[in-house]
Amino acid sequence: MDSGKVLHRRKPDIPVIRPRASDENQHIQEVSAKSLELSKVIRLLEDPLTANLKERHLFVLKKLLKRNQIGFLLKELTGLTKILTICAEKVPDHPEYVHILCEAIKICRLPLLKEKSSDELNYAQDVIQFLSHMGCLMMVSDAEVRQQIVECVKSFYSCVAPKQLLDGTARLTKTKPRTFPSDNRFSRLSLRLQPTSPGYRLQLLERSDLAKTMLLSMAALENQPSIKLQLLQTLQILSSSSDRNCALMLNARGAETICLHMNDPDPSGQILFHSSEILWNLLERGNKEEVTAQLSSMECVISLKEAFFYQLMNGSRQSDLQLRNDLLVITTLISDNPNSLLIESLFAKQLVVLATFPELESRNPLVRNLKLNYHNEDLKMKKLLLNLLVLMSKDLAALQLYKEGQVMLALLTLTKPPAASSERRSGSRHWSSIQQEELQLQALATLATLAPLMLDDFTSCQGYTNLLLLLEWCTTQDCYFGQGHSFHGTGGRGSKKAQMRHCIRVMRSVTSLGEESVNRELGDQGIIYQLLGILMQMEASPDEDDIVTVEIKSDIQLILSALCESNMYTKELFGSEGVEMVVHFLRKGSDKFYSGLGHNKLILSTVDCVWSCIVGCYTTEDYFLAKEGAFLLLDLLSSSPRCVHCNILATLLELCDNPNTLSHILSWRDDSGLTAPGLLLQLWREEEEELKVSRNQHGGIADPKRPILSLYQQEDTQLSLPANMPSRAVLELSESLRSKIYSIFCKLGFQELPGLSSNHYVTLSIIRRYLDFKVGEVWEEISRELSLDGVRPISPDEEALSSICKIAEDTARRVVAEQNSILEQREKEELNEEKLMYTEIKSHYKQRELTAKSWDSYVSKTSNYEILKEVKAQREKYIESSRPKPKPEDAAAHPKEHFIGRVVSVETTDAPGPAGVKVTLARAPVKSAGQDRVGPKTQDPEYFSTVSVKD
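Since the model is a prediction, treat every value here as computed from it, not as a measurement.

(A) Inspection of the overall build of the protein chain at higher detail. Within the protein chain, the secondary structure is distributed over 47 helices and four strands. In the protein chain, the proportion of contacts linking residues at least 24 apart, taken out of those at least 6 apart, comes to 75%. In the form shown here, the protein chain has an accessible surface area of approximately 51,100 Å², with 52% of it arising from carbon and sulfur atoms.

Written as structure tokens, this is what we have:
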């Protein structure tokens with residue numbers, strides 16, 4: 001090609017003298033010329049006729065970079081991406097292009113330029129592709145290019161304030177204008193351009209593949225440790241700044257890649273540190289499950305093991321010890337993955353040996369020369385190892401390692417009271433009192449998980465005796481004061497409450513297994529009396545209940561329940577002291593149920609204590625009833641939330657086997673006068689309302705075909721359950737309250753129950769037939785499932801099924817008739833009561849009329865003299881008519897007359913004896929009560945005359 005022609009193509013670079021135009025038109029012309037030149041550069045590099053003109057290429061590229069020394073324009077990024085790709089392809093054969101790449105990457109550190117505000121949105125995809133291609137340039141083997149790339153990416157974050165980095169906004173930053181070399185060719189153009197904000201570039205960087213491509217370049221840096229270190233620093237920045245970058249790195253198996261390269265030769269000693277920081281960022285900001293899955297491979301576990309033990313043996317600085325603990329935390333997270341290979345890689349066995357150091361003497365080379373400084377970092381490592389024991393215990397193979405490593409003995413050694421531990425280690429370096437307290441609590445928390453899994457080792461190491469001694473130490477008054485700094489020491493500052501809390505937890509976990517030998521041994525050692533004493537001592541304390549205290553109380557009650565549930569001997573040991581304790585807690589009621597301190601658990605544990613420790617032993621049952629225990633259970637039933645009703649009803653039902661219980665239940669009344677049968681019927685209605693059972697307005701059966709079927713059972717009518725799964729009708733017996741209420745009424749009876757109304761009897765008629773309805777419901781389910789499975793019973797069975805379903809429906813219809821009769825009787829009673837009420841109202845009005853009439857008569861007599869004279873005349877006339885008429889002397893017989901008489905005068909004559917006494921009587925006839933209303937009637941008068949009595 002003629003070189004003159006090439007120079008002729010560059011003539012547009014010379015400014016053309018034209019008539020003066022506006023600044024805007026001139027700006028457009030200059031930018032157009034620049035774009036046109038970029039396309040010519042690409043054609044120059046790709047054209048087969050000019051592809052080998054290396055000197056011309058370098059000259060043009062240097063000229064291009066010089067013209068863009070203030071930054072790349074957004075609209076030209078696509079062309080620049082193409083140019084950089086071509087240059088990267090030419091580097092292996094022509095190293096001269098390395099300088100061009102390095103200079104271009106240096107310019108990339110500057111903010112991108114835009115002509116107008118809309119360019120940021122219009123060319124966003126071009127920026128994303130440009131940044132992705134920058135990561136691909138890491139494949140260039142030249143070390144200088146790679147170094148420039150990682151430094152360029154780090155510069156993206158170094159020029160952004162933390163707030164901008166978090167926000168990722170595209171606002172323009174108000175920075176001091178950059179000073180560029182004075183060049184007349186660029187002066188007018190630079191005034192027309194504006195830099196984009198650093199946040200805009202970072203926001204698009206997250207959408208590119210830069211993080212992924214830079215991670216994949218790790219494998220190409222085996223012989224460049226310094227650049228590898230800088231790359232790790234860059235990846236650490238990328239992973240700490242964006243969740244999206246973490247996701248991109250994980251998609252490229254970034255956690256596995258980083259872990260496999262963390263033990264590479266490192267003269268600086270920083271590769272392991274930055275690798276662990278990247279893994280931490282991936283765990284915190286990425287998908288934790290995916291990270292642990294990638295790190296669970298055999299190669300990664302071995303790499304972690306080598307890194308950890310290298311830091312354990314060689315680390316002495318504070319940063320080295322922290323890095324050691326960080327690697328142990330990562331291992332802890334891996335152990336939570338069921339597919340981890342900690343045991344297969346022998347890492348778990350070495351960790352078990354390390355966890356029992358220095359409590360147990362060992363000849364293992366791992367700990368033979370290991371020296372602990374007993375400072376905070378060593379304490380953290382010890383606590384992490386104890387926590388790791390808990391996580392690895394999910395694998396049964398780990399339990400065998402624990403037995404071989406005598407983990408149980410080491411844990412029990414840590415749980416001993418501080419005084420005993422200090423005496424054992426006198427004259428040697430050991431943990432401080434605060435550190436010893438934290439390890440003691442951590443060991444107790446570990447025992448709560450491991451003791452039930454390793455019960456034989458726990459028993460052989462005299463674990464029960466150690467726990468009882470520790471519990472006794474917790475109740476003694478001495479000069480020990482807990483610091484309460486650790487997580488497990490919460491709520492125990494200044495006391496031994498934290499130790500007691502975790503000691504009780506260990507006992508609860510051991511006794512909850514239900515091993516008869518364990519419970520018998522604890523009972524023989526007097527744990528029941530000890531726990532009862534602790535419980536009542538805590539109740540007598542004037543301190544207010546906190547969450548730790550309430551938890552201890554509920555755990556003690558659960559331990560007592562586990563000890564006494566199936567052992568009559570321990571129930572007798574529970575005795576009157578235990579009954580007093582239960583009654584005390586029942587009297588507290590459910591006022592604090594929703595306090596948030598755990599009183600809900602305390603109520604449930606108290607009820608469970610009644611069920612397990614009292615019910616079944618007649619002596620304790622009678623004492624419980626004498627202490628009004630049944631009344632307290634009914635009080636709790638009436639005031640507690642619905643979630644507690646099932647346990648209370650079950651306890652009452654079991655207590656009803658004692659014949660003395662029924663009289664207590666029937667005599668119970670609440671503050672409003674509600675009786676126990678009324679309360680049970682109220683609970684029945686509330687339960688059916690919760691289950692959405694079809695009922696009419698009076699609470700009676702609305703659908704005889706579904707007398708007790710709930711809405712939830714109706715929704716599953718088209719489901720066919722497998723044979724090993726109980727149906728809804730069967731599950732309802734254990735989950736619902738209705739079966740328990742029915743059973744209690746079977747004990748109380750269905751007749752002559754106190755305090756019931758007609759509505760109660762309507763519900764009671766359903767309860768009486770509950771078992772019949774439930775049997776019919778189960779057979780209906782059987783018939784329906786056979787139909788859904790396409791199974792046809794033989795004719796006799798089909799007739800039997802039909803008859804059973806018909807009988808259940810007929811029973812429901814009889815109950816409906818009975819309920820209607822009850823309602824009709826109630827209506828009649830209400831009508832009679834209404835009539836009686838109206839009669840009473842009528843009599844009241846009649847009495848008012850008579851009173852008003854009497855008052856009017858009285859007023860008229862006192863105000864009108866003529867009326868008063870008439871009344872007086874009538875009275876005299878009545879008196880005259882009431883006087884007796886003279887008796888005829890010849891009367892043969894005297895009519896009888898009822899009278900009330902009194903002696904008026906007594907006269908004596910000369911006749912001897914009674915005949916000489918003459919008595920005169922005054923008489924008044926007696927009228928019957930209804931004589932005034934009936935009218936005058938003929939009476940038989942009785943006359944009294946003078947009687948002469950002779951001696």
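Once the structure has been displayed, the description carries forward.
(B) Spatial organisation of the nonpolar core. Ranked by internal contacts, the top residues of the largest apolar core, which has 224 residues, are Met214, Leu235, Tyr402, Leu560, Phe574 and Phe624. Examining the composition of this core, we find that nine residues originate from one element, helix 5 (residues 97-108), more than from any other. Once residues within four sequence positions are removed from consideration, Met214 is found in contact with Gly135, Met138, Ile149, Val150, Val153, Leu231, Thr234, Leu235 and Leu238.

(C) The packing of aromatic side chains, seen in detail. Here the structure, examined in full by the defined rule, presents 11 aromatic pairs. Taking the centre distance of 4.8 Å and the plane angle of 85 degrees together, the rings of Tyr374 and Trp431 count as edge-to-face. Here Tyr374, found in the loop between helix 21 (365-368) and helix 22 (376-392), pairs with Trp431, found in the loop between helix 25 (418-424) and helix 26 (433-453); they are 57 residues apart in sequence, far enough to count as distant. Exposure remark for Trp431: the relative accessible area of 2% places this residue in the buried category. Following the ring pairs from residue to residue traces out a cluster consisting of Phe308, Phe309 and Phe347. The ring of Tyr845 has Arg848 sitting right over it, with the charged end atom 5.2 Å from the ring centre.

(D) Looking closely at the packing of helix 33 (residues 568-587) against helix 34 (residues 599-614). At a closest axis distance of 10 Å, the pairing of helix 33 and helix 34 adopts a crossing angle of 150 degrees. For the element pair helix 33 / helix 34, the angle class is roughly antiparallel. Relative to helix 34, helix 33 is oriented so that their crossing is left-handed. From helix 33, Lys571, Phe574, Val579, Met581, Val582, Phe585 and Leu586 reach across to helix 34, where they touch Leu602, Thr606, Cys609, Val610, Ser612, Cys613 and Ile614. In terms of residue class, the contact of helix 33 with helix 34 is built from 11 nonpolar, two polar and one charged.

(E) A look at the packing of helix 41 (residues 728-735) against helix 44 (residues 770-788). Put simply, helix 41 and helix 44 touch, their axes get as near as 9 Å, and they point 145 degrees apart. Together, Arg728, Ala729, Glu732 and Leu733 of helix 41 and Tyr770, Lys774, Glu777, Val778 and Glu781 of helix 44 make up the contact between the two elements. Residue composition of the contact of helix 41 with helix 44, by class: four nonpolar, no polar and five charged.

(F) Quick look at unusual backbone geometry. The peptide bond linking Phe357 to Pro358 adopts the cis configuration, its omega dihedral lying at 5 degrees. With respect to the element layout, Pro358 can be found in the loop between helix 20 (347-355) and helix 21. A positive phi angle, near 55 degrees, is found at Gln462, a position not held by glycine. For Gln462, the location among the structural elements is in the loop between helix 27 (455-460) and helix 28 (463-475). Notably, Glu628 is not glycine yet its phi reads approximately 65 degrees, a positive angle. By secondary structure assignment, the location of Glu628 is in the loop between helix 35 (618-626) and helix 36 (629-639).

(G) Layout of the side chain of His261. Mapping His261 onto the fold places it in the loop between helix 15 (254-260) and helix 16 (271-285). At a separation of 3.3 Å, a polar atom in the side chain of His261 contacts the side chain of Glu222. Non-local contacts of His261, meaning those with residues more than four positions away in its chain, are made with Met218, Glu222, Lys228 and Ile271.

The rules behind these values
Residues numbered from 1 in each chain as written. Predicted model: local features only at pLDDT ≥ 70, side-chain atom pairs only at ≥ 80, totals over all residues. Heavy atoms only, no water. Helix = DSSP H or I, 4+ residues; strand = E, 2+ residues; numbered from the N terminus. Contact = heavy atoms within 4.5 Å. Areas by Shrake-Rupley, 256 points an atom, 1.4 Å probe, with all protein chains shown as cover. Core = buried A, V, L, I, M, F, W, Y, C linked by side-chain atoms within 4.5 Å. Buried < 20%, exposed > 50% of the residue type's maximum accessible area, 1.4 Å probe, protein only. Phe/Tyr/Trp six-rings, centres within 6.5 Å; stacked < 30°, edge-to-face > 60°. Lys NZ or Arg CZ within 6 Å of the ring centre and 35° of its normal. Axes fitted to C-alpha atoms, helices over the stretch in contact; angles between N-to-C directions. Parallel < 35°, antiparallel > 145°, perpendicular 65-115°, else oblique. Left-handed = near helix turned anticlockwise from the far one by under 90°. Nonpolar A, V, L, I, M, F, W, Y, C, P; charged D, E, K, R; others polar. Polar contact = N/O pair within 3.5 Å; in protein donor to acceptor, adjacent residues only side chain to side chain.

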